[in-house]
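# Close look at the chain arrangement
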Amino acid sequence: MVVSSSSDNWIGASLLRKEDARHLLGHGMFIADVRMPGVQDVAFVRSDMAHAQVRRVIKPVGGTAQVFTLSDLDPMHILEAGPELAAHRHSPYPALSDGRVRYVGQPIAACIAPSRALAEDLADHVEVELEALPAVVDCVAAMKPGSPRLFDTWPDNAFIASSVQEGDPALAQAPIRLRRQLRMNRQATVSLECRGVLAHWDHRHDELVVYLSTQGGHVVRIGLARALGLPENKVRVIAPDVGGGFGGKNRIMPEDIAVAALALKVGHPVRWIEDRREHLVASVHARDHFYDLTISAKADGTLLGVEGEVYIDAGAYSLWPTGSFMEASMASRNLTGPYRIQHLNLKTFTVATNKAPMGPYRGVARPGACFAIERLVDEVARELGREPFDLRRQNIVTAGELPYRTAAGMRLDTGDYVAALESARDMIDLPAIRARQAKPEPDGRAIGVGFAFYTEQSGHGTVEWVKRKSRVVPGYESANVRMQPDGSLIIHVGTQNHGQGHETTLAQIAAHELSLDPSQISIRYGDTATTPFGFGTFASRSIVFAGGAVARSCRMLIEKIRKIGAHLLQTDVTSTRIEAGAVHGPSGSVSFAEIAYAANVRQEHLPVGMDPLLDVTGTYEPTETGGVFAYGTHAVVVAVEPDTGVVEILDYAVSEDCGTMINPMIVDGQVQGGIAQGIGTALYEEIPYDEIGQPLATTFGDYMVPCAPEIPTVRLHHLVHPAEATEYGVKGLGEGGAIAPPAAIANAIADAFRGIGASFNETPLTPRRVSEAIDRARRAKADGTSPAP
Amino acid sequence: MTAITVELNGVKVVDDVEPRLSLADFLRDRCGLTATHLGCEHGACGACTVMVDGLATRSCLTLAAMADGRSVSTLEGLRGDPLMALLRRHFHESHALQCGFCTPGMLIAARDILQRHTRPDDKTVRHELSGQICRCTGYANIVKAIVAAGQKMPQEPSPPPPAATSQS
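Rules and cut-offs
- Residues numbered from 1 in each chain as written.
- Chains lettered and ligands numbered in written order.
- Predicted model: local features only at pLDDT ≥ 70, side-chain atom pairs only at ≥ 80, totals over all residues.
- Helix = DSSP H or I, 4+ residues; strand = E, 2+ residues; numbered from the N terminus.
- Rg over C-alpha atoms; globule rule 2.2 N^0.38 Å.
- Buried ≥ 20, exposed ≤ 12 C-beta atoms within 10 Å, placed from the backbone.
- Contact = placed C-beta atoms within 7 Å.
- Nonpolar A, V, L, I, M, F, W, Y, C, P; charged D, E, K, R; others polar.
- Arc of directions from axis to C-beta.
- Pairing = 2+ DSSP bridges.
- Axes fitted to C-alpha atoms, helices over the stretch in contact; angles between N-to-C directions.
- Parallel < 35°, antiparallel > 145°, perpendicular 65-115°, else oblique.
- Left-handed = near helix turned anticlockwise from the far one by under 90°.
- pLDDT = per-residue confidence, 0-100.
- Domains from an automatic or database assignment.
- Core = buried A, V, L, I, M, F, W, Y, C linked by C-beta atoms within 7 Å.
- Expected span 1.5 Å × (residues − 1).

### Some remarks on the overall build of chain A
Across its full length, chain A carries 18 helices and 30 strands. Its C-alpha atoms give chain A a radius of gyration of 28 Å, within 12% of the compact-globule value 28 Å for 789 residues. Projected onto the principal axes, the alpha-carbon positions of chain A cover approximately 95 × 75 × 50 Å. Counting over 789 residues, chain A shows a buried share of 59%.

This is the structure:
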C-alpha cells in the first residue's frame, strides 16, 4: 500500500504562508480588535512600592461601584504553582492584593469604565495607603542570614534550593581551575502585542467566554476554572490572533483571573488591554541568572568539571502552572554544554525577590547556561593560550559518540557537532579574522570573533516532564482531522499558532499524508470549544507534537478512506493505492470527494457495518520522551569602539541542525528572529531595579528593543541529521536562535580585548559595561595586577 | 468636545471627539479601523503608523483633533494602492511577517520609504526602518522585501513630501 502525492513532496517545501494574507490586508483579529457590544474597559491600580502592607484602599466618591478590590469579588481559589515537590514553597498569588504587595506593579484594585481613558481616570482617583516593608532586590543577598523575607512563613527567601552532583569529585582537582562570576540580567519578553483579556458570560451557552492572548488556552482554562470555582464545561477560552508570545503568554496571570471574576460580578463584558508600561513592569520577566562557577581542566585542555552556585532571581511569586524552578534545573543540566565534561557539582537557588514574577522566555534558562559554559571555555582557552575554537573542537562530543548521555543525564541524540563547529568556522573565515586582527583597524576599533555552541532540547515527552515534577505534563498533542462532504479538510489542533506558521506547516504534513494540496486543508486552533485538548505552543514542541498528531490522525483517516474507496471500486483494499486525492484500484479510481460524500451524507454507499463520517482524533508522543536535540554553532565578528564601548556586529554566521525541515523558509525565519532576540539579550535589553525595588526601564525610551540597523542578516547553513524518535525526523527549533547569541557575542567582545584580559561576563553588554570592563583591564594591566574576574 | 472633519481613506468623516483622544483610538474605536495596531502608545514602536497628508505619522502621538481638516490613510484605505499591492506581494514572498502584529505599520512605513527613495539599498532601508519594531522576524526578510519591491517599482517615485523628516 503506497501513499504518494500527485506532484509535490510537501515535506521540505518552502511553501509561502497561508496566514499571511489577512495580516497583509489588516484583517488580523487580535485581542484588542475583538468587538463586543456593551464591553467596558478595566484599568488596574497597581502597587508603586516593591514591598508593602496595603493599609487602606479609598475609592473615589461617586466611583465606588466601579472600583473593585479582592474583597469585592466572589471568593476565589489560589492556584498553587511550581513543581509538585514538597521542598518547593507555596507563594500564594491572589488576583488582586490580599493586603500585601511584593513588587512594583502588582494589581491592587480594578476600575471599570466605558473606555480605557475613563477607567484610568478612575484609577487615578483611587487612594492607596501603603506601609513600606524592606525590599529584597538582590537574589544573592536575599539568601544571606538576616535578609528581609517576602513570605513570613518561609525560613528564607528560596522557593527551592537544589543541587546537582554527578561524576567523580576528584576530577575537579585539576591543574587548571578558573573561577568566574557571570550574570545574565533581567529582561521582559516584549511581544509587540501586549497581553489582553476580554471576558463575558454567554447566556445562550450558559458559560464564561474568555478571549485571551495566550499560547495555550486549554491549560489556562483548567486554571481559570479552578480559580473561579466553575466546572470546565462552563468556561470557554478563545485565543484570537496572538501578536507574539515567546513564553510571555504561557502562564496564568493575575489580570486574567481578575477580569474573568469581574465579568462574573458585573454581568456585562469587560476587557483589559495591557499597555506597554504595564508589560514592562508587571508582565512576565525573564533571564536574571547569576553564576559563580569554577571550571576545571587538564593542562592539555581536556575539560573536566563545573562546580559552583546558580542563583535564579525568580521575582515575587510562582506563576501557574509551573513556576520558574525549571530555570534552575535546566540551567544546571545544560552547564556541560555539548562537551565531555564528566563532573558537575552545583547548588541552585530559586530565589524570591521583590520584582515581577519570572516566567518562561524563548530559550528558557539555556541562554544563561550557554553564556556561562561558553564563556568559561573561552576563559580556559585564554588561560592556556589556546585558540578557543580548537579547545571546543577538542572537547565536543563527536558524531561517533552520539547518542551521548551528558553528565547531567540528557541524551544527545543525532547529529554531527564537529561538522557544525567546523562549517561555522569556515563560514566566518577564522584565519582571515585572525589576519585582520594582526593590524590595527583604521578607525581605532578592535575586532573580535566569538563562537558559541548550543543544544536545544525539544519534543520532550511524558518521562521528561514527570521528572521535572511538572504540574501539567505536556507529553502529547492531539489533532482532530475532519473531512467535509466535498473532500476538503478541517484540522483542529491543541497547539496555538502565533507567528510560527502552523497553518502552513501542519497543512503541508496533512497534504503529504493524504496526497492533497495544502490549499484544500484548513488548520484551526485557539478555541477550547472546538479543538481537542492540547497544551499549546512553547518549548519548541509544536512541529514535533502537533505535526506528529496531524500525521498520525491523517493516517488513521486514510485507512478508512481507503476501505470506502475499495468498497466503491469493488476491489480489495490491498490492491489500492492513494494518489492525488483519490483511491486508485486496478480498474479505476474514486475521488476523496466521492468517498467523503458517501461517508457524510450518502451512507448507503458505505461497506456494511461501517460507521459514517470521516472524523478522527488522534494523539501523538515521540518514541523517545527525553527529547530530541537540535543544535548549532553561532559565529560572530564584532567591532568594538574601546572608549565608548559601542559594539557593532560585522558578521553573523550560523551552522545549525534541526533535523528534517518541513518548511525551510519558516525555519530560516525562526532562526533569524530568535537571533534578533538573542542579540537583544546580549547587548540591549534589561530591566534594572534600584535598591528599593523600583524598575528603571518602563518605556521603550529606556528599554532597548533592537531595530533593523542593529540586527544583521544572519548567514545560515543547515546540516540535516533527522531525529530517530519523531515523525519525518523533525526536531523543534523555535528557541535555538535565542540561546547562543549572548555567549557568541560576549566571546567576540572578549576576543577583541584578549590582549589586556578584559572580562565580559554580564549581559546586556551595554556601551557602559563594555567600556568600563576595558578601562578596568587597562588600569590593571598598567598596575601589573590582574583584573577582577 | 472638539468637532473634527477628517478625510479618512478618501471619505469625509465628521465627528465630535474628546480633545485628548488619540488619532489611533479615533481610528480603532470610533471608526472601526483596526488594521492600525498599538504596540507602545508612546511613539517608539511604529505599529500605529498611518499617513497624514501624505506623511508617515505615529497615530498614537497624534491627537484626533490634530487631524481636523487633514487627509488620513490607513492600511484599509490602501488596499487598492498599486505600490501597497507590490509590497504585500514581496512581504509574502520574502516571509517578512510572522505574528503579523507589526505588519500594518511596517507596510505603511515601507510604502513611505519607497516613495522617498529610488531603489533603496539594504542600508538605506534599515536606517529608514529604525523607528519600526518587529519582535518576530529579526528584520532581515522585511528589509529584503522592501528592497525587492523597490527594484520592481514601475516608475520613478513621486517627489518627496515637503518635510525632510516623515515621523511625527
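### Considerations on the overall build of chain B
Helices and strands together make up the secondary structure of chain B, namely five helices and five strands. From first element to last, N terminus to C terminus, chain B shows the α and β order β-β-α-β-β-β-α-α-α-α. Along the longest, intermediate and shortest principal axes, the C-alpha atoms of chain B span 45 × 30 × 25 Å. For chain B, with 168 residues in total, the buried portion stands at 58%. Considering only contacts within chain B whose residues lie at least 6 apart along the sequence, 65% involve residues at least 24 apart.

### Details of the interface of chain A and chain B
Each partner contributes residues to the interface: chain A has 41 residues there, and chain B has 41 residues. At the level of secondary structure, the elements contributing two or more residues to the side of chain A that touches chain B comprise α1 (20-24) and α15 (664-684) of chain A. At seven residues, the largest contribution of residues to the side of chain A that touches chain B is made by α15(A). Of the residues in the side of chain A that touches chain B, the class split is 20 nonpolar, 14 polar and seven charged.

### A short note on helix α8 (residues 388-395) of chain A
All names here are of chain A. For α8, the complete set of buried residues consists of Pro-388, Phe-389, Leu-391, Arg-392 and Asn-395. End-on view of α8: buried residues confined to an arc of 165°, all on one side of the axis. Buried residues along α8 sit against β15 (303-313), α7 (366-384), α9 (417-428), α10 (430-437), β19 (446-458) and α17 (741-752).

### Describing the sheet that holds strand β8 (residues 158-166) of chain A
Residues and elements named next belong to chain A. Reading across the sheet, the six strands line up as β8-β16-β15-β14-β9-β30 and stay open at both edges, with mixed pairing between neighbours. The open sheet has two edge strands with one neighbour each: β8 and β30 (762-763). The pairing of strand β9 (residues 176-188) with β30 spans two bridges and is parallel. Counted as the bridge partner of Met-184 is Thr-763 from β30.

### Some remarks on unusual backbone geometry
Look at the link from A:Trp320 to A:Pro321: it is a cis peptide, with omega at 5°. By the element assignment, A:Pro321 lies in the loop between β15 and α6 (325-333). Across the junction of A:Leu402 and A:Pro403, the peptide omega takes the value -5°, indicating a cis bond. With respect to the helices and strands, the residue A:Pro403 is situated in the loop between α8 and β17 (404-405). The phi torsion at A:Gln570 lies on the positive side, around 55°, for a residue other than glycine. One non-glycine residue, B:Asn9, adopts positive backbone phi at about 50°. On the secondary structure map, B:Asn9 appears in the loop between β1 (2-8) and β2 (11-17).

### Points about the packing of helix α2 (residues 82-93) of chain B against helix α3 (residues 103-116) of chain B
Residues and elements named next belong to chain B. Closest axis-to-axis distance for the α2/α3 pair is 10 Å, and the angle between their directions is 120°. When the interaxial angle is binned, α2 and α3 end up oblique. Seen from above, α2 lies across α3 with right-handed handedness. Residues Leu-83, Met-84, Leu-87 and Phe-91 of α2 form the contact with α3, whose own contacting residues are Leu-107, Ala-110, Arg-111 and Leu-114. In the contact of α2 with α3, the residues fall into seven nonpolar, no polar and one charged.

### Details of the confidence of the model for chain A
A low pLDDT score tells you not to read the predicted coordinates there in detail. Per-residue confidence for chain A gives a mean pLDDT of 96, with 98% of residues at or over 70. Within the model, the stretch residues 1-7 of chain A combines pLDDT values under 50 with 15 contacts to residues more than four positions away or in other chains.

### Notes on the sheet that holds strand β7 (residues 127-132) of chain A
Pairing is antiparallel in the open sheet, where three strands are placed in the order β5-β3-β7 (chain A). Of all strands in the sheet, those with a lone pairing partner are β5 (100-101) and β7 of chain A, marking the two edges.

### Concerning the domain arrangement of chain B
Residues and elements named next belong to chain B. Per the domain assignment, the segments making up chain B are domain 1 (2-77) and domain 2 (80-152). The gap between the C-alpha centroids of domain 1 and domain 2 is 21 Å. Facing the 13 residues of domain 1 at the interface are 11 residues of domain 2. Ranked by residue count, the leading element in the side of domain 1 that touches domain 2 is strand β3 (residues 49-52), at three residues. Class assignment for the residues of the side of domain 1 that touches domain 2 results in eight nonpolar, five polar and no charged.

### With respect to the environment of A:Pro388
All names here are of chain A. In this fold, Pro-388 is placed in helix α8. Pro-388 gets classed as buried once you count the C-beta atoms within 10 Å, which come to 23. Spatially, the C-alpha atoms of Pro-388 and Phe-592 are 59 Å apart, while their sequence positions differ by 204 residues. For Pro-388, the contacting residues outside a window of four places in its chain are Val-377, Asp-378, Ala-381, Phe-451 and Asn-747.

### Description of the environment of A:Leu122
All names here are of chain A. Along the chain, Leu-122 falls in helix α2 (residues 116-124). Its 22 C-beta neighbours within 10 Å are what place Leu-122 among the buried residues. It is 28 Å that separates the C-alpha atoms of Leu-122 and Ile-692, two residues lying 570 residues apart in sequence. Residues contacting Leu-122, with those up to four places away along its chain left out, are Ala-43, Pro-60, Gly-63, Gln-66, Val-67, Cys-111 and Ala-113.

### Brief notes about the nonpolar core
One recurring pattern in soluble globular proteins is that nonpolar side chains are buried together. With 309 residues, the main nonpolar core has A:Val42, A:Cys111, A:Val210, A:Ala510, A:Val550, A:Ile745 and A:Ile749 as its most contacted residues. Ranked by the residues each element gives to this core, the list is headed by helix α13 (residues 542-569) of chain A, at 12 residues. When residues are assigned to domains, this core turns out to be shared by domain 1 (2-77) and domain 2 (80-152) of chain B, each giving three or more. Sequence-distant contacts of A:Ile745, defined by excluding residues within four places in its chain, comprise A:Gly450, A:Val636, A:Val638, A:Ile679, A:Ala682, A:Leu683 and A:Leu765.

### A short note on α7(A)
Residues and elements named next belong to chain A. Between its first and last C-alpha atoms α7 spans 27 Å; for 19 residues at 1.5 Å apiece the expected length is 27 Å, and the two agree. Judged by how many residues are buried, α7 sits mostly within the fold: 16 of 19 residues are covered. Positive backbone phi, approximately 70°, marks Gly-385, located one or two places after α7.

### Some thoughts on the pairing of strand β26 (residues 615-620) of chain A
All names here are of chain A. Residues Val-616, Gly-618 and Tyr-620 point to one face of β26 and are all buried, whereas Asp-615, Thr-617 and Thr-619, pointing to the other face, are not buried. Relative to β26, strand β20 (residues 477-483) is paired through six bridges, and the arrangement is antiparallel. Its bridge partner lying in β26, Ser-478 is registered against Thr-619.

### A short note on the packing of α13(A) against helix α14 (residues 592-600) of chain A
All names here are of chain A. Their axes nearest at 10 Å, the elements α13 and α14 cross at an angle of 95°. Relative to α14, α13 is oriented roughly perpendicular. Here Ile-561, Ile-564, Gly-565 and Leu-568 of α13 lie close against α14, whose contacting residues are Phe-592, Glu-594, Ile-595, Ala-598 and Ala-599. In terms of residue class, the contact of α13 with α14 is made up of seven nonpolar, one polar and one charged.

### Considering the confidence of the model for chain B
Residue and element names in this part refer to chain B. Scored by pLDDT, chain B has a mean of 94; 92% of the residues are at 70 or more. Ignoring residues within four places in sequence, the model shows residues 164-168, a span with pLDDT below 50, making 11 contacts including any to other chains. Two summary scores accompany this predicted model of the complex, namely pTM at 0.97 and ipTM at 0.97.

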